[in-house]
Amino acid sequence: MDAQKNLALPITPKPKHKRSVWLRLWDTRWLYLILLPGIAFFVIFRYAPMYGIQLAFKKFEIARGITASPWIGLDNFRLLFIDREFFIALKNTFIISYMQLVLFFPFPIILAILLNEVSQRRFKRVLQTVYTFPHFLSWVIVSGIMMNLLSSGGALNNLRMFMGLEKYPFLSDKSIFRFILVFTLNWKEVGWSCILYLAAITAIDPSLYEAAIIDGANRWHRIRYITWPGIQVIIITTLILRVGHTMDAGFDQIINLYNATVMEVSDIIDTYIYRITFQKIPNYGFSTAVGLFKGITNCILLMSVNWICSKSTGTGIL
């Protein structure tokens, strides 16, 4: 009887010895080696420059350097909030960014879904190449193309003259210049931006489409009930990141396209910083204050939209 009781007792496994952190790091050393270039990039180009943020609270004197320059508290920010040009640039930044959000953000998603529906692989690859190629052109080249098309002596105005119409100042018309910015952004970046969504679509289980076809679902139903839910997490993530870059309205694009005539509707925070730093008597403390304001605003927008998406959809990045 005692022997039977002993056999019935549960056998407790011996506790495993917990390996040290260093041993576990050594086992995954190659993964950390792959991460090293990315970590080095962020440390060198993102975190190390934060040392200069203190200039926003100082009156910078070149002879004394950053550390020895005198502290002036929030004086640079007081100058910032009484500068009319800053508020014009701030307003333009928000308007252009949200025009891009409404008139650019959906199109890579739509293009990815449409390309996914193309059945011929060769034709699909040709389309992907055609749509992706403009991304590799610099904004200097794209701006040159737009000027050759839309300037007073450009191809479009020459066509208007041939048709008996008067020339139209496309690049100096304040009412349409922002739409030109959005159009050129779409032409250049839609094909490249859709790659992420195409990759997400290819990760969807093909058996779902096969089952839907057997059940009689048409193409629209497959897009609506399979493709869209399958890429929804990626869409929400990219939306959060896009809103987090609201204050980055496209410096390279605007600096190459805008002119004095349309500056009132196209001068953004980045071009404003460029002008007050390199085209006027520089005040590095003031410029740093503008940059710090821009960074804090982006951070607030990112956290806000992430909280909203997390509460409403359960998807977030933080």
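Here's what I pulled together on the structure shown here. All values derive from a computational prediction rather than experimental measurement.

1. Considerations on the overall build of the chain
Reasoning step 1: When its secondary structure is counted, the chain shows 17 helices and zero strands.
Reasoning step 2: Taking 2.2 N^0.38 as the reference for a compact globule, 318 residues should give roughly 20 Å; the C-alpha atoms of the chain span a radius of gyration of 28 Å, well beyond that estimate.
Reasoning step 3: For the chain, the C-alpha atoms occupy an extent of roughly 105 × 70 × 35 Å along the three principal directions.
Reasoning step 4: Among the 318 residues that make up the chain, the fraction classed as buried is 35%.
Reasoning step 5: Separation of charge centres in the chain, based on 31 positive and 18 negative side chains, amounts to 6 Å.

2. Focus on the environment of Ala155
Reasoning step 1: Tracing the backbone through its elements, the reader meets Ala155 in helix α10 (residues 155–162).
Reasoning step 2: As a C-alpha pair, Ala155 and Glu85 span 70 residues in sequence and 34 Å in three-dimensional space.
Reasoning step 3: Non-local contacts of Ala155, meaning those with residues more than four positions away in its chain, are made with Asn148 and Leu149.

3. Describing empty space enclosed by the protein
Reasoning step 1: Across all of its chains, the model carries one cavity of 30 Å³ or more by this definition.
Reasoning step 2: Of the pockets and cavities examined, the largest cavity occupies roughly 30 Å³.
Reasoning step 3: Elements that contribute at least two residues to the lining of the largest cavity include exactly α6 (84–103) and α13 (219–243).
Reasoning step 4: With three residues, the single largest contributor to the lining of the largest cavity is α6.

4. Some thoughts on the packing of aromatic side chains
Reasoning step 1: If you walk through the whole model with that rule in mind, you get 15 aromatic pairs.
Reasoning step 2: Their ring planes at 40° and their centres at 5.6 Å tell us that Phe57 and Phe77 sit as a pair that is tilted. Linking Phe57 in the loop between α3 (29–47) and α4 (65–68) with Phe77 in helix α5 (residues 75–80), this pair joins segments that are 20 residues apart in sequence.
Reasoning step 3: The class for Phe57 is partly exposed, based on a relative accessible area of 25%.
Reasoning step 4: Plain terms: the ring middles of Phe86 and Phe293 are 5.4 Å apart, the flat faces sit at 75° to each other, and that makes the pair edge-to-face. In this pair, Phe86 sits in helix α6 while Phe293 sits in helix α17 (residues 284–313), placing the two residues 207 residues apart along the sequence. Like Phe86, the residue Phe293 is buried in the burial classification.
Reasoning step 5: Three or more aromatic residues joined by ring pairs make a cluster, and in this case those are Phe81, Phe86, Phe87, Tyr272 and Phe293.

5. As for the packing of helix α9 (residues 139–150) against α10
Reasoning step 1: Between α9 and α10, whose axes approach to 4 Å, the crossing angle comes to 10°. Classified by the angle between their axes, α9 and α10 sit roughly parallel to one another. Along its contact with α9, which presents Asn148, Leu149 and Leu150, the element α10 presents Ala155, Leu156 and Asn157.

6. Let's talk about the pattern of salt bridges
Reasoning step 1: Using the criterion set out here, one finds ten salt bridges in the structure.
Reasoning step 2: Two residues, Arg78 and Asp75, come together in a salt bridge whose shortest N-O distance is 2.5 Å. Note that Arg78 and Asp75 are positioned in helix α5 at a spacing of three residues, about one turn of the helix.
Reasoning step 3: The residue Lys174 makes a salt bridge to Glu264 at a minimum N-O spacing of 3.0 Å. In this pair, Lys174 sits in helix α11 (residues 174–202) while Glu264 sits in helix α15 (residues 263–266), placing the two residues 90 residues apart along the sequence.
Reasoning step 4: Salt bridges here are not isolated pairs; linked through shared partners, they connect Glu85, Asp267, Arg275 and Lys280.

7. So, the side chain of Asn298
Reasoning step 1: Summarising the element assignment, Asn298 is placed in helix α17.
Reasoning step 2: Take Asn298: its relative accessible area is 10%, and that puts it in the buried class.
Reasoning step 3: Here the side chain of Asn298 touches Met247 through a polar contact of 3.0 Å, landing on its backbone nitrogen.
Reasoning step 4: Discounting chain neighbours no more than four positions away, the residues touching Asn298 are Gly244, His245, Thr246, Met247 and Asp248.

Conventions adopted
Residues numbered from 1 in each chain as written. Predicted model: local features only at pLDDT ≥ 70, side-chain atom pairs only at ≥ 80, totals over all residues. Heavy atoms only, no water. Helix = DSSP H or I, 4+ residues; strand = E, 2+ residues; numbered from the N terminus. Rg over C-alpha atoms; globule rule 2.2 N^0.38 Å. Buried < 20%, exposed > 50% of the residue type's maximum accessible area, 1.4 Å probe, protein only. Lys, Arg positive; Asp, Glu negative; His and termini not counted. Charge placed at Lys NZ, Arg CZ, Asp CG, Glu CD. Contact = heavy atoms within 4.5 Å. 1 Å grid on protein atoms, 1.4 Å probe; cavity = no way out; pocket = protein on both sides within 12 Å on 5 of 7 lines; lining within 4 Å. Points joined across faces, edges and corners; volume = space filled by probe spheres on them. Phe/Tyr/Trp six-rings, centres within 6.5 Å; stacked < 30°, edge-to-face > 60°. Axes fitted to C-alpha atoms, helices over the stretch in contact; angles between N-to-C directions. Parallel < 35°, antiparallel > 145°, perpendicular 65-115°, else oblique. Salt bridge = Lys/Arg side-chain N within 4 Å of Asp/Glu carboxyl O. Polar contact = N/O pair within 3.5 Å; in protein donor to acceptor, adjacent residues only side chain to side chain.

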